[in-house]
Amino acid sequence: MMDNIGPNLSHPAALTRLTSTVLRFRCPNISSASQKLSYVNSFRTVGKHDTTFKAFKEADSNRNHLIKALSSSKSKQVSHESIALAASRYIPNINQILVTCRVQPENAQLDKRLVFEWSSGIEAKPRFFKSEALMYELVMTIATE
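What you see is a predicted model; the values in this text were computed from it and never measured.

What counts as what
Residue positions within a chain follow its written sequence, with the count starting from 1. Per-residue local features of the predicted model are confined to residues with pLDDT of at least 70, and side-chain atom pairs are confined, for both listing and counting, to 80 or more; whole-chain, interface and lining totals are unaffected and use all residues. As a convention, hydrogens and water are excluded, and side-chain values are obtained from all of the structure's heavy atoms. Buriedness of a pocket was judged along seven lines, with at least five required to meet protein on both sides within 12 Å; pockets are open sets of points on a 1 Å grid over the protein atoms alone, cavities are sets where a 1.4 Å probe fits but cannot get out, and lining residues have an atom within 4 Å of a point. Grid points are joined across faces, edges and corners, and a volume is the space filled by probe spheres set on the points. Strands here mean DSSP runs of E at least two residues long; helices mean DSSP runs of H or I at least four residues long; both are numbered from the N terminus. Nonpolar core, defined: a set of buried Ala, Val, Leu, Ile, Met, Phe, Trp, Tyr and Cys residues in which side-chain atoms within 4.5 Å join the residues together. Three labels apply to residues, based on accessible area from a 1.4 Å probe with only protein chains included: buried if under 20% of the type maximum, exposed if over 50%, partly exposed otherwise in between. Note on pairing: DSSP must find at least two bridges between two strands before they are called paired. Contacts are assigned to residue pairs with any non-hydrogen atoms lying within 4.5 Å of each other. To define axes, lines are fitted to C-alpha atoms, for helices over the stretch in contact only, and angles between the resulting N-to-C directions are given on a 0 to 180 degree scale. Aromatic rings from Phe, Tyr and Trp, with only the six-membered ring used for Trp, were paired whenever their centres fell within 6.5 Å, and each pair was classed as stacked if the ring planes differed by under 30 degrees, edge-to-face if by over 60, and tilted otherwise. Take the number of residues in a helix, subtract one, and multiply by 1.5 Å to get its expected span.

A. Focus on the layout of surface pockets. Roughly 310 Å³ of internal volume is contained in the second largest pocket. In terms of lining residues, the second largest pocket is bounded by 16 residues, among which T52, A55, F56, Q96 and T100 are the most central. Elements with a contribution of two residues or more to the lining of the second largest pocket: α3 (50–74) and α4 (80–103). Here the element with the most residues in the lining of the second largest pocket is α3; it accounts for six residues.

B. Examining the nonpolar core more closely. Counting residues in each nonpolar core, the largest one holds 26 residues, and the members touching the most others are Y39, L66, I97, F116 and W118. Counting residues per element, the ones that place at least two in this core are α2 (39–42), α3, α4, β2 (116–119) and α5 (134–144). Here the element with the most residues in this core is α4; it accounts for eight residues.

C. Summary view of the sheet that holds strand β3 (residues 128–131). Taking strand neighbours across the sheet as the criterion, the three strands line up as β1-β2-β3 in an open arrangement whose pairing is antiparallel. Two strands bound the open sheet, and with one partner strand each, they are β1 (29–30) and β3. The strands that α5 touches are β2 and β3; relative to β2, the one it contacts most, it runs at about 30°.

D. Quick look at the packing of aromatic side chains. All told, the structure shown has two aromatic pairs when counted by the stated rule. Residues Y39 and F116 carry aromatic rings whose centres are separated by 6.5 Å and whose planes lie at 40° to one another, so their mutual orientation is tilted. Taken together, the residues span a long stretch of sequence, with Y39 in helix α2 and F116 in strand β2 at a distance of 77 residues. Ring geometry for F43 versus F56: centroids 4.7 Å apart, planes at 5°, classification stacked. Separated by 13 residues along the polypeptide, F43 in the loop between α2 and α3 and F56 in helix α3 bring together distant segments of the chain. Look at F43 and you get buried, because its relative accessible area is 2%. Judged by its relative accessible area of 10%, F56 is buried.

E. Representation of the environment of F25 within the structure. Note that F25 resides in the loop between α1 (13–19) and β1. The sequence separation of F25 and G121 amounts to 96 residues, and the corresponding C-alpha distance is 5.7 Å. The contacts of F25, once residues within four sequence positions are left out, are G121 and I122.

F. Quick peek at α4. For α4, with 24 residues, the first-to-last C-alpha span of 35 Å sits near the 34 Å given by 1.5 Å per residue. Among the residues of α4, those classed as buried are I83, A86, A87, Y90, I91, N93, I94, I97 and C101.

G. A look at the side chain of T144. Residue placement: T144 occurs in helix α5. Overall, the relative accessible area of 5% leaves T144 in the buried class. Those residues in contact with T144, other than ones at most four positions away along the chain, are C27, P28, L66, L70, I83, A87 and W118.

Structure, rendered in structure tokens:
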């Protein structure tokens, strides 16, 4: 005869099934119209300081690397690790711009509009969504990572 010493603390079967499920989705993608976007051109007036110009140029460069990695993924010529690496290099740049705009709102003046256009990797038929919010760019880049 077995004595129960308290409640059964084992994992429920549903939780075990949930944690063992892996769902795969395509990577989000940047539209060709949004690929021409440039932080250097958009913040030209307020981005004249050497450090600021360098930060915007680095953000443009890292965004272009992400675009190249995502466009290469369509033809299966690039690994998902390189896409994740490109995204992880670009995320701090977006965060730096967001923090700067929050701390110094007078520097958030644009010379040229920033319109980010991404498609989701979840939908069966990809369609692009537009936003002028840097937070949208950050979220979609994180989703890519």
